[in-house]
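One-letter residues, chain by chain:
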Amino acid sequence: MENNVEKVVDAVVTHHDKFKEKRKPKNPIKFNVSLDQEQKHAKALILENTVTVLTGAAGSGKTLVACQAGLDLLFNREVEKIIVARPVVTAKEDIGFLPGGLKDKLDPFIAPIYDNMYRLYNKEKIDKEFQEGRIEIIPFAFMRGRNFSNCFVILDEAQNITDTQMELAITRLCDGSKMCIVGDTGQIDLKVKKDSGLFFISKAVTVIPGVASFHLKTNHRHPIVEPILEIYKQLRD
């Protein structure tokens, strides 16, 4: 009896693998934005590892790289969906009560995700992925109890995620999933900076096989941004 069950399971798995292979695009995904060598290395680490911590200063393209890796996995049928979790924390500014439903309240905070994905690929295709649930945005308040199977998880603005939230998010991972933790310790908006979970995660867990860490250094915004950031850094040190 057990042998028969095993044969049925093997047949189902084989059929599923062949189905995935059949649907997988024959050619590499063509994105509208090309990555530089540093960003390509970061993307390769994301694709090779289960958990990747991706840090870098403002304008280094952290979220862009994470989004491209996620779309690559999604369009190549390596995962079933992309899940993006972003803390609802403002840059030291009280914007008061936001009207509307959950989507209306989250839209101002997730606009950078839309911006990066629209830059990377056809807007109509991206909108369709959102509408059909293959790209999902969730607030941390709704994360407890979730199980992330066969998906690519992006924790964006991770410097504003507390240690407790970081632990909660990582323990959601299940089989077939990857996670990219994106952040910059120079942009912490938490009231108590030492509460940021990015400090711990970027140093402590990279000793674990399957966990990688990479820091992007190149500025991809206006050239004036980099010297200004350096002056801010010197004044704070």
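Conventions adopted
- Residues numbered from 1 in each chain as written.
- Predicted model: local features only at pLDDT ≥ 70, side-chain atom pairs only at ≥ 80, totals over all residues.
- Heavy atoms only, no water.
- Helix = DSSP H or I, 4+ residues; strand = E, 2+ residues; numbered from the N terminus.
- Buried < 20%, exposed > 50% of the residue type's maximum accessible area, 1.4 Å probe, protein only.
- Contact = heavy atoms within 4.5 Å.
- Areas by Shrake-Rupley, 256 points an atom, 1.4 Å probe, with all protein chains shown as cover.
- Polar contact = N/O pair within 3.5 Å; in protein donor to acceptor, adjacent residues only side chain to side chain.
- Pairing = 2+ DSSP bridges.
- Axes fitted to C-alpha atoms, helices over the stretch in contact; angles between N-to-C directions.
- Expected span 1.5 Å × (residues − 1).
- Phe/Tyr/Trp six-rings, centres within 6.5 Å; stacked < 30°, edge-to-face > 60°.
- Patch = residues over 30% accessible without salt bridge, like charges linked within 9 Å, V, L, I, M, F, W, Y side chains within 5 Å.
- Salt bridge = Lys/Arg side-chain N within 4 Å of Asp/Glu carboxyl O.
- Disulfide = S-S within 2.5 Å.
- pLDDT = per-residue confidence, 0-100.
- Core = buried A, V, L, I, M, F, W, Y, C linked by side-chain atoms within 4.5 Å.

1. With respect to the overall build of the chain
Turning to step 1, where the next piece is worked out: When its secondary structure is counted, the chain shows eight helices and six strands.
Turning to step 2, where the next piece is worked out: N-terminal to C-terminal, the α/β element order of the chain is α-α-β-α-β-α-α-β-β-α-β-α-β-α.
Turning to step 3, where the next piece is worked out: Residues classed as buried in the chain amount to 41% of the 237 residues present.
Turning to step 4, where the next piece is worked out: Contacts in the chain between residues at least 24 apart in sequence constitute 78% of all its contacts with a sequence separation of at least 6.
Turning to step 5, where the next piece is worked out: Surface accessibility of the chain: about 14,100 Å² in total, with carbon and sulfur atoms responsible for 54%.

2. Structural notes on the side chain of Thr 63
Turning to step 1, where the next piece is worked out: Looking at the secondary structure, you find Thr 63 in helix 3 (residues 62-75).
Turning to step 2, where the next piece is worked out: Among the polar contacts listed, one links the side chain of Thr 63 to the side chain of Asp 156, at a separation of 2.8 Å.
Turning to step 3, where the next piece is worked out: Discounting chain neighbours no more than four positions away, the residues touching Thr 63 are Ile 113, Asn 116, Asp 156 and Val 182.

3. Some thoughts on the sheet that holds strand 4 (residues 151-155)
Turning to step 1, where the next piece is worked out: Spatial ordering of the open sheet is given by 3-2-4-5-1-6, a layout of six strands whose pairing is parallel. Two strands close off the open sheet at either side, each with one partner strand: strand 3 (135-138) and strand 6 (211-216). For this sheet the average axis-to-axis angle between neighbouring strands, irrespective of direction, equals 15°.
Turning to step 2, where the next piece is worked out: Lying on the sheet, helix 2 (residues 37-48) is in contact with strand 1 (51-56), strand 4, strand 5 (178-183) and strand 6; it crosses strand 6 at an angle near 165°.

4. Some words on helix 3
Turning to step 1, where the next piece is worked out: Across its 14 residues, helix 3 extends 20 Å between first and last C-alpha, which sits within 8% of the 20 Å expected from 1.5 Å per residue.
Turning to step 2, where the next piece is worked out: In terms of burial, helix 3 is largely enclosed, as 14 of its 14 residues are buried.
Turning to step 3, where the next piece is worked out: The first or second residue beyond helix 3 is Arg 77, which carries a positive phi of 60°.

5. What to know about the packing of aromatic side chains
Turning to step 1, where the next piece is worked out: Summed over the entire model, instances satisfying the criterion amount to four aromatic pairs.
Turning to step 2, where the next piece is worked out: A ring pair is formed by Phe 75 and Tyr 121, whose centres lie 4.8 Å apart and whose planes are at 45°; its orientation type is tilted. Linking Phe 75 in helix 3 with Tyr 121 in the loop between helix 4 (102-120) and helix 5 (123-131), this pair joins segments that are 46 residues apart in sequence.
Turning to step 3, where the next piece is worked out: The interplanar angle of 25° and the centroid separation of 4.5 Å between the aromatic rings of Tyr 114 and Phe 130 together place this pair among those described as stacked. Separated by 16 residues along the polypeptide, Tyr 114 in helix 4 and Phe 130 in helix 5 bring together distant segments of the chain. Both residues of the pair, Tyr 114 and Phe 130, count as buried.
Turning to step 4, where the next piece is worked out: In this structure an aromatic cluster arises from ring pairing among Phe 31, Phe 75 and Tyr 121.

6. A word on a nonpolar patch on the surface
Turning to step 1, where the next piece is worked out: Residues Ile 224, Ile 228 and Tyr 232 make up a contiguous nonpolar surface patch of roughly 290 Å² in combined accessible area.
Turning to step 2, where the next piece is worked out: One can find Ile 228 in helix 8 (residues 225-236).
Turning to step 3, where the next piece is worked out: The exposure class assigned to Ile 228 is partly exposed, which follows from its relative accessible area of 39%.

7. Comments concerning the pattern of salt bridges
Should their charged atoms come close, side chains of opposite charge can pair.
Turning to step 1, where the next piece is worked out: This structure, assessed with the given rule, holds nine salt bridges.
Turning to step 2, where the next piece is worked out: The shortest N-O distance in the salt bridge between Asp 127 and Lys 123 comes to 2.8 Å. Note that Asp 127 and Lys 123 are positioned in helix 5 at a spacing of four residues, about one turn of the helix.
Turning to step 3, where the next piece is worked out: Asp 127 gets classed as buried once you look at its relative accessible area, which sits at 18%.

8. Examining the state of the cysteines
Turning to step 1, where the next piece is worked out: Tallied over the full model, the rule gives zero disulfides.
Turning to step 2, where the next piece is worked out: Unpaired in this structure, Cys 67 has its nearest cysteine sulfur neighbour in Cys 180, at a distance of 9.2 Å.

9. Considering the confidence of the model for the chain
Turning to step 1, where the next piece is worked out: Taken as a whole, the chain shows an average pLDDT of 81; of its residues, 79% reach a score of 70 or greater.
Turning to step 2, where the next piece is worked out: Below a pLDDT of 50 lies the segment residues 11-16, which in the model reaches zero contacts outside its immediate sequence neighbourhood of four places, other chains included.

10. What about the nonpolar core?
Turning to step 1, where the next piece is worked out: Core analysis: the largest hydrophobic core is formed by 36 residues, its most contacted members being Leu 54, Leu 71, Ile 82, Met 117, Phe 152 and Ile 154.
Turning to step 2, where the next piece is worked out: Here the element with the most residues in this core is helix 3; it accounts for nine residues.
Turning to step 3, where the next piece is worked out: With near-sequence residues (within four places) excluded, Leu 54 lies in contact with Ala 42, Ile 46, Lys 62, Val 65, Cys 180, Ile 181, Val 182, Gly 183, Phe 214 and Leu 216.
Turning to step 4, where the next piece is worked out: Formed by 22 residues, the second largest nonpolar core is a distinct cluster that contains Ile 83, Phe 148, Ile 161 and Leu 168.

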